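Descriptive structure summary
Listed below, chain by chain, are the residues.
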Amino acid sequence: FWITRPILTAPLVTLTYLLFSTTLAPLPPLLAILVEGLLIATLAVAALDIFGKAPRKMRPYWLLCMIVLIGVLIPSLLISLVATPIYLDRSFGMLSPFLLAALAAAFVTARAPSPTRILIGILAVLMCGGTILHALTPDPAKPPYRQIAADLLNTPDAEVVPVLTLSDSAYLPLTYYAPTLEQQLVDVGEKSWLFPKTWQLFNVQRLTRDQLAEWLRTYRGKLRVIEPNTIDKPELATLHDLERNACTKTGKTYNQIVIVYEFTLGPCLAWRPPM
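**Description of the packing of helix α1 (residues 10-20) against helix α4 (residues 96-109)**
Remark: α1 packs on α4, axes separated minimally by 9 Å, with the N-to-C direction vectors making an angle of 85°. On the basis of their axis angle, the class for α1 and α4 is roughly perpendicular. Along the contact surface, α1 presents L15, L18 and L19, while α4 presents S96, L99, L100 and L103. Taken together, the residues of the contact of α1 with α4 sort by class into six nonpolar, one polar and no charged.

Structure (structure tokens):
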């Protein structure tokens, strides 16, 4: 199954995801740990403020927010550890308002010398910085397949030259944006984004890796290849073989996420200058 089993500290990482709308994996590990620690410390100090200084009528609402967070994350974690992995950060997006409400209540009720407002202010600055960084850097979760499809369709031989997609994550977006392309899809086995019966439902004929190797051995002519940022080792080996054996090769990178290659396969005629 494509969802991996979480670690025991996964809820701490999920809390930062609910606040920043992204995981902190791209950050250096130490910095990510500091941000997670800052959030936990803020919630701990906020709890002291709410139950020590806030009006009594506010306490049940704050407690409700925390119970909803814990009551969803912990059971999901236990089910994922004991039975089937279902714990996925982006699946908990609807919990974000509860976390934000808890922080907002703590900010409103905090009184000096409590550091709650300072801590929440630091988190707010980090959130703004994360939003700006997200806007300025490519999102690997959103490859620019619309632009890729448009560029492919603008080539004069778009409907004639086969397009080999080395990851089935690229197949459906390209089919949607450019249904007239002649796509060849490799069966990546357990790394598939969809279950086998789903591909049958879409009536998609996938090439096994052996069938793909045989097809490439006999293919002659121009071939376009889509390489997403993450492909499996057998498909990476296929790409290296194409680069080694092709007569010509060009490539265009899209947002440092997807590369579109164009190869010419077959007998290569060496051109020699006239004597």
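**Notes on the pairing of strand β4 (residues 248-254)**
As defined by bridge partners, β4 adjoins strand β5 (residues 258-265) across seven bridges and the pair is classed as antiparallel. Bridging from a neighbouring strand, T248 pairs with T264 of β5.

**Comments concerning the packing of aromatic side chains**
Under the criterion given, the structure shown has six aromatic pairs. Relative to Y177, the ring of Y176 has its centre 5.2 Å away and its plane inclined at 80°; by these criteria the two rings are edge-to-face. Positioned above the aromatic ring of F107, the side-chain terminus of R117 is 5.2 Å from the ring centre.

**Topic: the side chain of S96**
Position of S96 among the secondary structure elements: in helix α4. Looking at S96, the relative accessible area reads 15%, which means it is buried.

**Quick word on α4**
Compared with an ideal rise of 1.5 Å per residue, which puts 14 residues at 20 Å, α4 spans 20 Å between its outermost C-alpha atoms and is within 8% of the ideal. Listed as buried for α4 are S96, L99, A102, L103, A105, A106 and T109.

**Examining the sheet that holds strand β2 (residues 183-185)**
Across the sheet, five strands lie side by side as β2-β1-β3-β5-β4; this open sheet has mixed pairing. Sheet topology places β2 and β4 at the edges, where each strand pairs with a single neighbour. Strand-to-strand, the axes of this sheet are offset by a mean angle of 20°, without reference to chain direction. Taken together, the seven bridges between strand β3 (residues 221-227) and β5 define a ladder with antiparallel strand orientation. By the bridge assignment, I226 is partnered in β5 with V260. Across the sheet, helix α7 (residues 168-177) is in contact with β1 (163-165), β2 and β3; its angle to β2 comes to roughly 155°.

**Topic: unusual backbone geometry**
The phi dihedral of N203 falls on the positive side, at around 60°, and the residue is not glycine. Tracing the backbone shows N203 in the loop between α8 (196-201) and α9 (209-218). The backbone of Q256 sits at a positive phi, close to 60°, despite the residue not being glycine.

Conventions used here
Residues numbered from 1 in each chain as written. Predicted model: local features only at pLDDT ≥ 70, side-chain atom pairs only at ≥ 80, totals over all residues. Heavy atoms only, no water. Axes fitted to C-alpha atoms, helices over the stretch in contact; angles between N-to-C directions. Helix = DSSP H or I, 4+ residues; strand = E, 2+ residues; numbered from the N terminus. Parallel < 35°, antiparallel > 145°, perpendicular 65-115°, else oblique. Contact = heavy atoms within 4.5 Å. Nonpolar A, V, L, I, M, F, W, Y, C, P; charged D, E, K, R; others polar. Pairing = 2+ DSSP bridges. Phe/Tyr/Trp six-rings, centres within 6.5 Å; stacked < 30°, edge-to-face > 60°. Lys NZ or Arg CZ within 6 Å of the ring centre and 35° of its normal. Buried < 20%, exposed > 50% of the residue type's maximum accessible area, 1.4 Å probe, protein only. Expected span 1.5 Å × (residues − 1).

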